[in-house]
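Below, each chain spelled out in residue letters.
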Amino acid sequence: MSASHDFFAAYDTLLARWPAGTTEIDVPTPYGTTRVHAYGAAEGTPLVLLHGGGSTGAVWFANAAALGAHHRVLAVDILGDAGRSVRAGRPLRTTADLTAWLDAVLDGLDVSRAHLLGHSYGAWLALTYALHAPERVDRLVLLDPTQCFAGYRPGFLLRSLLLLVRPRAARALGYLDHETAGTDTDPDWKRLFALAVSDVPHRRLVVGRRPDPGALRAPLMVLLAGRSGAHDPGKVAARARAAVTGARIETLPHLTHYALPTATPAATNRLITEFLTSVEGPSQSPGRMRGPGDRPS
């Protein structure tokens with residue numbers, strides 16, 4: 001059973017807010033076809049964006065133009081989650097499957113090296129991948145990363161699990177209203193997330209162990225939501241500093257976990273761009289990117 005018409009309508013509403021010149025690419029992998037939203041000059045440094053659970057790659061609409069001024073933005077619909085990626089072929093079950101899938105996505109895009117940027121679950125995936133394939137990752141940006149440096153707050157975990165018990169759109173919207181109170185989190189994205197909860201059957205994210213960030217070779221920036229309900233941001237910051245020498249830690253004090261990346265995007269974009277374009281960092285130059293051909297949505 002596929003996602004509902006309402007879900008795809010909400011998805012396309014967000015995608016329509018991407019800058020002119022955005023293209024849609026379908027990348028075949030052994031695990032299925034992966035949808036990628038691409039923006040920016042083809043010769044730009046590849047920047048792979050990995051969304052949080054239920055958000056889809058369309059969530060980066062408020063970041064694409066700013067980040068695409070310096071990079072080739074490649075926003076992925078994570079396979080197994082809501083979106084326009086389609087599972088087929090090998091089953092996607094383990095962390096090894098997940099990293100092999102992302103290997104295949106980068107291969108299909110002809111990306112030899114890239115920056116990785118992930119939010120929430122996507123941050124866990126980005127860190128996990130950077131440890132799996134350090135030779136392919138230049139710099140790493142983690143937005144309020146979950147299960148990377150600290151565990152969840154019990155209350156947050158309980159509220160999130162209730163959505164699995166009764167996956168209704170109205171319940172999901174109420175959950176988001178609570179988790180994003182006092183922020184300007186985008187209402188179109190909140191509708192998409194709620195419909196991902198209620199109208200996309202068989203969503204199944206691959207989860208695994210907390211990675212060992214101490215083995216990370218890429219320069220790291222962690223951008224935290226100061227009012228995050230997911231975890232204690234102070235604890236995350238302290239553990240990230242202790243684990244990764246030279247890590248840049250920034251906090252947006254008024255934001256909550258789900259407010260990223262749609263709320264106050266100018267501040268988020270500025271911090272990310274400063275880090276990715278700074279002189280400090282790896283001496284190796286990032287790999288080129290050539291798409292396998294644009295395909296219609």
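Values in this document were obtained by computation on a predicted structure and should not be read as measured data.

Conventions adopted
Residues numbered from 1 in each chain as written. Predicted model: local features only at pLDDT ≥ 70, side-chain atom pairs only at ≥ 80, totals over all residues. Heavy atoms only, no water. 1 Å grid on protein atoms, 1.4 Å probe; cavity = no way out; pocket = protein on both sides within 12 Å on 5 of 7 lines; lining within 4 Å. Points joined across faces, edges and corners; volume = space filled by probe spheres on them. Helix = DSSP H or I, 4+ residues; strand = E, 2+ residues; numbered from the N terminus. Nonpolar A, V, L, I, M, F, W, Y, C, P; charged D, E, K, R; others polar. pLDDT = per-residue confidence, 0-100. Contact = heavy atoms within 4.5 Å. Buried < 20%, exposed > 50% of the residue type's maximum accessible area, 1.4 Å probe, protein only. Pairing = 2+ DSSP bridges. Right-handed = clockwise from strand over helix to strand, strands pointing away.

Chemist: I tried to follow the layout of surface pockets on my own but got confused; where do I start?
Modeler: Where empty space is left in the structure can be found by rolling a water-sized probe over the atoms. Size it by volume and the largest pocket reaches roughly 880 Å³. In terms of lining residues, the largest pocket is bounded by 29 residues, among which Gly53, Ser160, Leu164, Arg203 and Leu205 are the most central. At the level of elements, α4 (121-132), α5 (154-165) and α7 (187-199) are the ones that each hand at least two residues to the lining of the largest pocket. If you tally residues by element for the lining of the largest pocket, the top one is α5, at six residues. A breakdown of the residues in the lining of the largest pocket according to their chemical character gives 17 nonpolar, 10 polar and two charged.

Chemist: Looking at this model, I keep getting lost on the confidence of the model for the protein. Mind explaining?
Modeler: Caution applies to low-pLDDT parts of the model: their predicted coordinates are not meant to be read in detail. In this model, the protein carries a mean pLDDT of 92, and residues with pLDDT of at least 70 account for 93%. Contacts of residues 281-297 to residues separated by more than four positions or lying in other chains number 47 contacts, the stretch itself having pLDDT below 50.

Chemist: Help me out: how do you make sense of the pairing of strand β8 (residues 220-225) in this one?
Modeler: Across a regular strand the side chains alternate sides, sitting on one face of the sheet and then on the other. β8 sits mainly inside the fold: six of its six residues count as buried. With burial as the criterion, each face of β8 is covered, one bearing Leu220, Val222 and Leu224 and the other bearing Met221, Leu223 and Ala225. As judged from the five bridges shared by β8 and strand β9 (residues 248-252), these two strands associate in the parallel manner. Within β9, the position partnered with Ala225 by the bridge is Leu252. Handedness of the crossover joining β8 and β9 through helix α8 (residues 233-243): right-handed.

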